[in-house]
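# Observations on the model geometry
Next come the chains, spelled out residue by residue.
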Amino acid sequence: METLVKRIIIDVKKGDQEAFAELVELYKDKVYQISYRMVGNVHEAQDIAQEAFLRAYMNIDTYDLDRKFSTWLFRIVTNLSIDRLRKKKPDFYLDQEVDGTEGLTLASQIAATDELPEDQVITYELQDWIQGEILNLPPKYRSAIILKYIEDLSLKEISEILDLPIATVKTRIHRGREALRKRLSNV
């Protein structure tokens, strides 16, 4: 995979825009997943993913072929997500809870075309609850938890993405995991 990616990057550096489209196709899902897990909003995650690919394309000449491309790209996504969280202002979203109600969102007021089976609803609610608890973690723990457990990256890769020593990454993962354990203990 890495040799294929390096070949594509060499083509991109030569000015082949179609080659960059191949890179986008290879990494679009992972980039979106990271951004979504960080910001918790579909639209913002899509914006961040698009911005990440744009920045990667604009700065492809600074990419070092001796390093993993995915690590470089995931670092861009993580940094953009953290920047977005820092600048986040209250906004209107369909998944926002309606004031004065418990668990009622604006999206739930839109007529559904299909009804989900009960087990899918339970799974969705559990995933949504866990994602909500992850979103309540401080960004420094959240990014470490997402990269380790959701994106299944190694400590070395996380260290490179976050530009931190491995020991610091381990500490953040541990503290984030402990914070999640406390929050999820009432299940």
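Values in this document were obtained by computation on a predicted structure and should not be read as measured data. (Residues numbered from 1 in each chain as written. Predicted model: local features only at pLDDT ≥ 70, side-chain atom pairs only at ≥ 80, totals over all residues. Heavy atoms only, no water.)

This next bit is on the nonpolar core. Core analysis: the biggest nonpolar cluster contains 43 residues, and Leu 23, Tyr 27, Val 31 and Phe 69 have the highest contact counts within it. For this core, the elements supplying multiple residues, two or more each, are helix 1 (2-13), helix 2 (17-39), helix 3 (42-58), helix 4 (69-87), helix 6 (139-150), helix 7 (155-162) and helix 8 (166-184). (Core = buried A, V, L, I, M, F, W, Y, C linked by side-chain atoms within 4.5 Å. Buried < 20%, exposed > 50% of the residue type's maximum accessible area, 1.4 Å probe, protein only. Helix = DSSP H or I, 4+ residues; strand = E, 2+ residues; numbered from the N terminus.)

What follows deals with the confidence of the model for the protein chain. Mean pLDDT for the protein chain: 85, with 86% of residues reaching 70 or above. Highest mean pLDDT in the protein chain belongs to helix 3 (94); lowest belongs to helix 5 (residues 118-135) (83). (pLDDT = per-residue confidence, 0-100.)

This part covers the packing of aromatic side chains. Working definition: an aromatic ring pair is given by the centre-to-centre distance plus the angle between the planes. Here the structure, examined in full by the defined rule, presents 8 aromatic pairs. Aromatic pair Phe 20 and Phe 53: ring centres 6.5 Å apart, planes at 80°, arrangement edge-to-face. Pair noted here: Phe 20 is in helix 2 and Phe 53 is in helix 3, with a separation of 33 residues, a long-range link. A relative accessible area of 9% means that Phe 20 is categorised as buried. Among the aromatic residues, those joined into a cluster by ring pairs are Tyr 27, Tyr 63, Phe 69, Trp 72 and Phe 74. (Phe/Tyr/Trp six-rings, centres within 6.5 Å; stacked < 30°, edge-to-face > 60°.)

With 19 residues, helix 8 ought to run about 27 Å at 1.5 Å a step, and its terminal C-alpha atoms sit 26 Å apart, in line with that. Among the residues of helix 8, those classed as buried are Val 169, Ile 173, Gly 176 and Leu 180. Down the axis, helix 8 shows its buried residues gathered within 70° of arc, on one side only. In this structure, helix 8 carries Ala 167 and Lys 182 as exposed residues pointing more than 90 degrees from its buried face. The secondary structure elements touched by the buried residues of helix 8 are helix 5, helix 6 and helix 7. (Expected span 1.5 Å × (residues − 1). Arc of directions from axis to C-beta. Contact = heavy atoms within 4.5 Å.)

Attention now goes to the pattern of salt bridges. For the coordinates displayed, the defined rule picks out 10 salt bridges. Close ionic contact of Arg 7 with Asp 11 constitutes a salt bridge, the shortest N to O distance being 3.3 Å. Taken as a pair, Arg 7 and Asp 11 lie in helix 1 at a separation of 4 residues, close to a single helical turn. A relative accessible area of 42% places Arg 7 in the partly exposed class. Of the charged contacts, one joins Arg 55 and Glu 51 as a salt bridge, the two residues approaching to 2.8 Å between their closest N and O atoms. With Arg 55 and Glu 51 both in helix 3 and 4 residues apart, the pair spans about one turn of that helix. The class for Arg 55 is partly exposed, based on a relative accessible area of 38%. (Salt bridge = Lys/Arg side-chain N within 4 Å of Asp/Glu carboxyl O.)

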